[in-house]
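# Residue-level structure breakdown
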Amino acid sequence: MIKKSNQLTIKKIKALLLLPFLCAILAFNSVTIGNEIANNITLSDPEPTCINKQSKYDKGLDNYLKIKTNDITEALIYIVNTKTSETIRTVHLKPSQFHKVKNIPEGIHRVDVIYGTNYTETSENGSCKGYFKNVLVQKKSKTTINFEKVQNYVPSYSLLIDIQEAL
């Protein structure tokens, strides 16, 4: 009888010692998951929905234009089809931000950039407009980017947006 009650007491002590350890693991996991959710909520989409209502996508093409701004540059980037002068996509990037513009339709495009501060969006008569309150520099690119499919190869590109190059 004495042995059975001693074994039961030892099991209870082990369970009590294990309980704080399990609580610590659960607390750590909940904080980590909470931080991940908070980080995802605070990051805004560089392709604002409002000004991209007429955007063009080709979901059949797995291409991209990877864009990064330097430490001091905030920019509005317009991907424009050179043949039709139609804006394919618009991206707003803050300093040191990176974004991949995916599924760009085939064609030869240029990248126009406006550098500025205090980005704002307004809606008037069902039309949305995104702009900088303080425009520093506007640059219409003369360089083109060829997103034409070559056999089974779909080209992709990387671009660093730097206001010092625009001056």
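This is a predicted model, so every value here is computed, not measured.

### Considerations on the overall build of the protein
Secondary structure assignment for the protein yields two helices and eight strands. Seen in sequence order, the protein has helices and strands lined up from the N terminus as α-β-β-β-β-β-β-β-β-α. Here the protein holds 167 residues, and 34% of them are scored as buried. Here the protein displays about 11,700 Å² of accessible surface, and carbon together with sulfur accounts for 56% of that area.

### Overview of the side chain of His99
With respect to the helices and strands, the residue His99 is situated in strand β4 (residues 98–102). Looking at His99, its side chain comes within polar contact range of the side chain of Glu47, at 2.7 Å. Dropping the residues within four chain positions of it, His99 is found in contact with Asp45, Pro46, Glu47, Leu65, Lys66, Ile67, Val91 and Leu93.

### Here's the deal with the confidence of the model for the protein
Low-confidence regions, as indicated by low pLDDT, have predicted coordinates that should not be scrutinised in detail. With 75% of its residues at a pLDDT of at least 70, the protein reaches an overall mean of 79. Averaged pLDDT values over the elements of the protein bottom out at 57 in helix α1 (residues 2–42) and peak at 93 in strand β2 (residues 75–81). In this model, residues 32–43 is a region of pLDDT below 50 whose contacts with residues beyond four sequence positions or in other chains number zero contacts.

### Description of the pairing of strand β6 (residues 127–139)
Where strand β5 (residues 108–124) meets β6, eleven bridges bridge the pair, whose relative direction is antiparallel. In the sheet register, Thr122 faces β6, and the bridge partner there is Lys129. Counting the residues that bridge the hairpin from β5 to β6 gives two residues, and of these Asn125 lies at a positive phi of roughly 55°.

So, how was this worked out
- Residues numbered from 1 in each chain as written.
- Predicted model: local features only at pLDDT ≥ 70, side-chain atom pairs only at ≥ 80, totals over all residues.
- Heavy atoms only, no water.
- Helix = DSSP H or I, 4+ residues; strand = E, 2+ residues; numbered from the N terminus.
- Buried < 20%, exposed > 50% of the residue type's maximum accessible area, 1.4 Å probe, protein only.
- Areas by Shrake-Rupley, 256 points an atom, 1.4 Å probe, with all protein chains shown as cover.
- Polar contact = N/O pair within 3.5 Å; in protein donor to acceptor, adjacent residues only side chain to side chain.
- Contact = heavy atoms within 4.5 Å.
- pLDDT = per-residue confidence, 0-100.
- Pairing = 2+ DSSP bridges.

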